[in-house]
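Remarks on the overall topology
Listed here are the chains, written in short residue letters.
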Amino acid sequence: MGDEPELLAAARAGDAQAAHRLGRLYAQHGDRAAARFWWERAARLGSVDSAFNLGIWHEKHGTLEEAVTWYEAAASSGDAEAATNLATLLLEQRGDSAAARVWFESAAMAGSRTAARRLALLCEEAGELAAAREWHRQAAADGDVASAHDLGFLAYAVGDDEETVRWWECGARGGNADSAYCMGLYLHASRDPEGAEAYYRLAARNEHPGAASRLGGVALSRGDLRTARAWYEQAAGAGRVDDQRMAGFVCVELGDTAAASHWFGRAAAGGDAESAFNYGLLLIAEHSDLAGGQHWFRQAARAGHHAAAVELSGLLSATGRQAEAEAEEWLSDPPPPAWGRPAEPELTARAELAAAATGRAGGVALDVADLTEVLGTWDVVTRPLHDHSDVVGWLTRRSGVHKSAVEHLASVRGTLLRPGSAPWPSPGELQYVLTTARDLRRRLGIR
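Figured I'd write up the structure that's included with this text. (Residues numbered from 1 in each chain as written. Predicted model: local features only at pLDDT ≥ 70, side-chain atom pairs only at ≥ 80, totals over all residues. Heavy atoms only, no water.)

Moving on to the overall build of the protein chain. Scanning the protein chain from terminus to terminus reveals 26 helices and zero strands. Taken over C-alpha atoms, the radius of gyration comes to 30 Å for the protein chain, far larger than the 22 Å a tight globule of 447 residues would show. Here the C-alpha coordinates of the protein chain stretch approximately 95 × 55 × 40 Å along the principal axes. By the burial criterion, 48% of the 447 residues in the protein chain qualify as buried. Taking all contacts inside the protein chain whose residues are at least 6 apart in sequence as the whole, residues at least 24 apart take part in 47%. Total accessible area on the protein chain is roughly 21400 Å²; 48% of this is exposed by carbon and sulfur atoms. (Helix = DSSP H or I, 4+ residues; strand = E, 2+ residues; numbered from the N terminus. Rg over C-alpha atoms; globule rule 2.2 N^0.38 Å. Buried < 20%, exposed > 50% of the residue type's maximum accessible area, 1.4 Å probe, protein only. Contact = heavy atoms within 4.5 Å. Areas by Shrake-Rupley, 256 points an atom, 1.4 Å probe, with all protein chains shown as cover.)

Laid out in structure tokens, this is it:
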């Protein structure tokens, strides 16, 4: 500390800058008490940097009231970083969002990208979407790719295709894997699978599991089972149950039953009924493990898997009188067939985007599988119709489902396919139209 004598003399004489530097010198050598002493003297002499450092010092030591006091002193002098720290402390420690917004705005106006983003998120939570867009734009223009990604979603939700593409492309170029993936979904939903694949590959470079899953589907559609397996296993390794199931199916096609059992077993343990059913089949076929097969058939049947209930009843019928009674129950009242049809890629892409859009800013994300079932059901039940000018009337007459229910289903479907045409459905509304979709399939004999 060769500079200490000179700084000490100047600081004692009332030099604020010397006192600040002296405090920093002591801090670098681990003497926090001395650092605090000189920063306090410097701050009282008008050093904004010392006031800021004292805010950090007190926040680290848990004396939050003192931290607020010193951050406020620095922020009131125009220090954007102090204003951002003060706003963050007020929001996260006190829950005072009103005061936090004041300081975030002060910092954002002074050029803080972090504050602009935090302010945009607060505006989103308050439903002030126009203000949210402006602050996200400021942050994105300053290089914040997360705000660019959010701007893409805000544009998508109101059906502004040009802005959606602009901001997701911006996020993707900035290295945001979620933006690249959403851009891929958007292009897939717009029937541009080649463009979508390019963005999926960009996202997959950053190990995005959704992109790996989509690339698995692309490879599978081309009959390239080995590449499909590699992508599905990458996605499955991230804990995605649907991809664990798909990895299992591909491994079966490749003749690797050990790997198939592994992936089906993991997905079955995660609650996937189809995987539980297939795991049971493999245990019986490959290991003659009837007890294991029975166990997983039962798990699948309880989750509503119709074929598992039938297989279980067959196993039980051969194992004794008590089991025969249980088998009769499964046969007399089997679960209704579950929706297991694969939907078109553009429909599943729309479902994923809607689920992601509704889950932002503290919202309740709609279930991708439910959204896919709604879109897939409409696609299947309307395929025989050549003239779609009166599709609601045609479905009503053909199925006997009340016209208002079919109209509601059509309306929600339209919102999912054309975002911005109406507000996103609520979770309760989705369940209502899902019931209608299942009723339509039942009445029309579609499984």
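Here the narrative resumes.
Turning to the layout of surface pockets, a few remarks are in order. As a volume, the second largest pocket reaches approximately 330 Å³. Lining the second largest pocket are 19 residues; nearest its centre among them are A157, A357, T358, R360 and W424. Contributing elements (two or more residues each) for the lining of the second largest pocket: α9 (129-141), α10 (145-157) and α22 (345-358). Tallying contributions element by element places α10 first for the lining of the second largest pocket, with three residues. (1 Å grid on protein atoms, 1.4 Å probe; cavity = no way out; pocket = protein on both sides within 12 Å on 5 of 7 lines; lining within 4 Å. Points joined across faces, edges and corners; volume = space filled by probe spheres on them.)

Let us look at the state of the cysteines. By definition, a disulfide is the covalent link that joins the sulfur atoms of two cysteine residues. By the definition in use, this model includes zero disulfides. In this model C182 remains outside any disulfide bridge; the closest cysteine sulfur is found in C170, 14 Å from its own. On the basis of relative accessible area, C182 is assigned to the buried category, the value being 6%. (Disulfide = S-S within 2.5 Å.)

Looking at soluble globular proteins, one finds that nonpolar side chains tend to be buried together. W38, Y71, L86, W103, F104 and W135 are the most contacted members of the largest nonpolar core, which has 43 residues in total. At seven residues, the largest contribution of residues to this core is made by helix α6 (residues 80-94). Discounting residues that sit within four places of it in the chain, W135 has contacts with E105, A108, M109, A116, L119, A120 and C123. Counting residues in hydrophobic clusters, the runner-up holds 30 residues, among them V374, V381, L434 and I446. (Core = buried A, V, L, I, M, F, W, Y, C linked by side-chain atoms within 4.5 Å.)

Moving on to the packing of aromatic side chains. Using the criterion set out here, one finds nine aromatic pairs in the structure. On the numbers, 5.1 Å between centres and 85° between planes, the contact of F153 with W168 is edge-to-face. Placement of F153 in helix α10 and of W168 in helix α11 (residues 161-173) is noted, with a sequence separation of 15 residues between them. Of the two residues examined, F153 and W168, each falls in the buried class. Between Y156 and W168, the ring centres sit 5.9 Å apart and the planes meet at 35°, which makes this aromatic pair tilted. (Phe/Tyr/Trp six-rings, centres within 6.5 Å; stacked < 30°, edge-to-face > 60°.)

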